[in-house]
Amino acid sequence: MLGKSPAWQDAGGACSGYLVEDADTCVLIDCGSGVFSKLRRFRDYVDVDAIVITHMHADHFLDVIPFACALTYAPRQQPVPVDRWPGTDTPARPRLLVPSGAVETLRTIASAGGQPALLDQAFAMTEYDAAAPLAIGALDVRFQPVPHFLPSNAIQVRSDDVPARRFTFGGDHGPTDALVGFADASDLLILEATLPRPEREGPRGHLTPGEAGEHAARCHAARLVLTHISDELDWDWAVAEARRSYDGPVEVAREGAVYEV
Ligand SMILES: [Zn+2]
Ligand SMILES: [Zn+2]
């Protein structure tokens, strides 16, 4: 767990960022504001095989820009010796997997910063098909579109090494039946719990902690972690709300927390 803040960071925290690993593969799900700094506390960024973005809100993707700058400008990524780094003919170039239409959005952002090729050069950037499973090393990644203010996807990851075990992250979403079949019997379910109370008007785009608990119960999840919740809310209250309908283990996500699936 690298970051769990909603659209504005907790004090000292980061927005959405989750590292999923098996023995050979390292995938970063979401790369929101502040996540690149947190990634560097726990892993070497050149060891990330792929970044998968759930949806194109800034709190879920904006740190692909500093990540790309590291891959482009870091001394260790250069072809010639720099400082203590010997030079490399094979600089790291992780896959960057983004929702449909997002490549153009990212190129526009890079261009606005005067570096139109930044992201294409730093990453192997492609749009994923949310209807199709994706293989990243031995990890099998699946998507489920969920209702939000723009197209958003829940993500499920399984490892070929333990195919019966599954981890599901809901992304950002309002109440939805779509998650229930998709996330059924997840060993670890990470759901957003953004709201102190449901939106007062307009379409639903987020959950309360109580609604996250209801979804976890309907998914028969073995374990629930609440995320995308501000440090300006009471986490004990959030856990208690989730427990009203879900009787499995519940906790609020914390930076550096590790969950074995
Ligand atoms: Zn968000
Ligand atoms: Zn969002």
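(A) Representation of the coordination of the zinc ion (ligand 2) in the model. Looking at the metal site, the zinc ion (ligand 2) is ligated by His-55 (NE2), His-57 (ND1), His-148 (NE2) and Asp-172 (OD), spaced 2.1 to 2.4 Å from it. Taken together, the four donor atoms surrounding the zinc ion (ligand 2) define angles of 91 to 164° at the centre, an arrangement classified as irregular. Mapped onto the sequence, the residues coordinating the zinc ion (ligand 2) show the spacing H-x1-H-x90-H-x23-D. A separation of 3.5 Å is found between the zinc ion (ligand 2) and the zinc ion (ligand 1), both of which receive a donor from Asp-172.

(B) Quick peek at the environment of Gly-256. Along the chain, Gly-256 turns up in the segment after strand S12 (250–252). Relative accessible area serves as the criterion here: at 28%, Gly-256 is assigned to the partly exposed category. For the pair formed by Gly-256 and His-215, sequence separation is 41 residues and the distance between their alpha carbons is 25 Å. Sequence-distant contacts of Gly-256, that is, excluding residues within four places in its chain, are made with Met-1 and Phe-42.

(C) The arrangement of the sheet that holds strand S2 (residues 26–29) in detail. The five strands lie next to each other as S1-S2-S3-S4-S5, forming an open sheet whose pairing is mixed. At either margin of the open sheet sits one strand with a lone partner, and together these are strand S1 (18–21) and strand S5 (124–127). In this sheet, neighbouring strand axes are inclined to one another by 20° on average, regardless of whether the strands run parallel or antiparallel. Where strand S4 (residues 95–98) lies against S5, four bridges are found, and the strand directions are parallel.

(D) Looking closely at the coordination of the zinc ion (ligand 1). Those protein atoms acting as donors to the zinc ion (ligand 1) are Asp-59 (OD), His-60 (NE2), Asp-172 (OD) and His-228 (NE2), and they sit at 2.1 to 2.2 Å. Coordination at the zinc ion (ligand 1) is irregular, judged from the four donor atoms that bind it and the angles of 88 to 165° they form at the metal. Written as a sequence motif, the donor arrangement for the zinc ion (ligand 1) is D-H-x111-D-x55-H. On the accessibility criterion, His-60 (0% relative accessible area) is buried. Here His-228 falls in the buried class, since its relative accessible area comes to 5%.

(E) Representation of the side chain of Ser-33. Locating Ser-33 in the fold gives a position in the loop between S2 and helix H1 (35–42). Owing to a relative accessible area of 15%, Ser-33 belongs among the buried residues under this scheme.

(F) Structural detail: the pairing of strand S9 (residues 162–169). Sheet topology note: the strand S8 (residues 152–159)/S9 ladder contains four bridges and is antiparallel. Counterpart to Ile-155 in the pairing with S9 is Phe-169. Between S8 and S9, which pair antiparallel in sequence order, lie two residues. Where S9 lies against strand S10 (residues 188–192), three bridges are found, and the strand directions are parallel. The residue bridging Phe-167 from the neighbouring strand is Leu-188, located in S10.

(G) Representation of a negative patch on the surface within the structure. Together, Asp-24, Asp-47, Asp-49, Asp-160 and Asp-161 make up a negatively charged patch on the protein surface. Mapping Asp-160 onto the fold places it in the loop between S8 and S9.

(H) Structural detail: the packing of helix H7 (residues 209–218) against helix H8 (residues 235–243). The geometry of H7 relative to H8 is characterised by a closest axis approach of 7 Å and an angle of 40° between their N-to-C directions. Regarding H7 and H8, the two cross each other, and that crossing is right-handed. Residue-level inspection shows Pro-209, Gly-210 and Gly-213 of H7 in contact with H8, the latter providing Trp-237, Ala-238, Glu-241 and Ala-242. Considered class by class, the residues forming the contact of H7 with H8 number four nonpolar, two polar and one charged.

(I) How the structure looks around helix H4 (residues 102–112). Of all the residues in H4, the buried ones are Ala-102, Val-103, Leu-106 and Ala-110. The buried side chains of H4 occupy one side of the element, clustering within an arc of 105° when seen end-on. Relative to its buried face, H4 has exposed residues pointing more than 90 degrees away, namely Glu-104 and Ala-112. Structurally, H4 contributes buried residues whose contacts are with helix H2 (58–61), helix H3 (64–73), S4, helix H5 (118–122) and S5. Directly after H4, the chain includes Gly-114, whose backbone phi takes a positive value near 80°.

Cut-off values and rules
Residues numbered from 1 in each chain as written. Chains lettered and ligands numbered in written order. Predicted model: local features only at pLDDT ≥ 70, side-chain atom pairs only at ≥ 80, totals over all residues. Heavy atoms only, no water. Donors = N, O, S within 2.8 Å, 3.2 Å for Na, K, Ca; no water. Tetrahedral: all angles 85-135°; square planar, octahedral: opposite > 155°, others 65-115°. Helix = DSSP H or I, 4+ residues; strand = E, 2+ residues; numbered from the N terminus. Buried < 20%, exposed > 50% of the residue type's maximum accessible area, 1.4 Å probe, protein only. Contact = heavy atoms within 4.5 Å. Pairing = 2+ DSSP bridges. Axes fitted to C-alpha atoms, helices over the stretch in contact; angles between N-to-C directions. Patch = residues over 30% accessible without salt bridge, like charges linked within 9 Å, V, L, I, M, F, W, Y side chains within 5 Å. Areas by Shrake-Rupley, 256 points an atom, 1.4 Å probe, with all protein chains shown as cover. Salt bridge = Lys/Arg side-chain N within 4 Å of Asp/Glu carboxyl O. Lys, Arg positive; Asp, Glu negative; His and termini not counted. Charge placed at Lys NZ, Arg CZ, Asp CG, Glu CD. Left-handed = near helix turned anticlockwise from the far one by under 90°. Nonpolar A, V, L, I, M, F, W, Y, C, P; charged D, E, K, R; others polar. Arc of directions from axis to C-beta.

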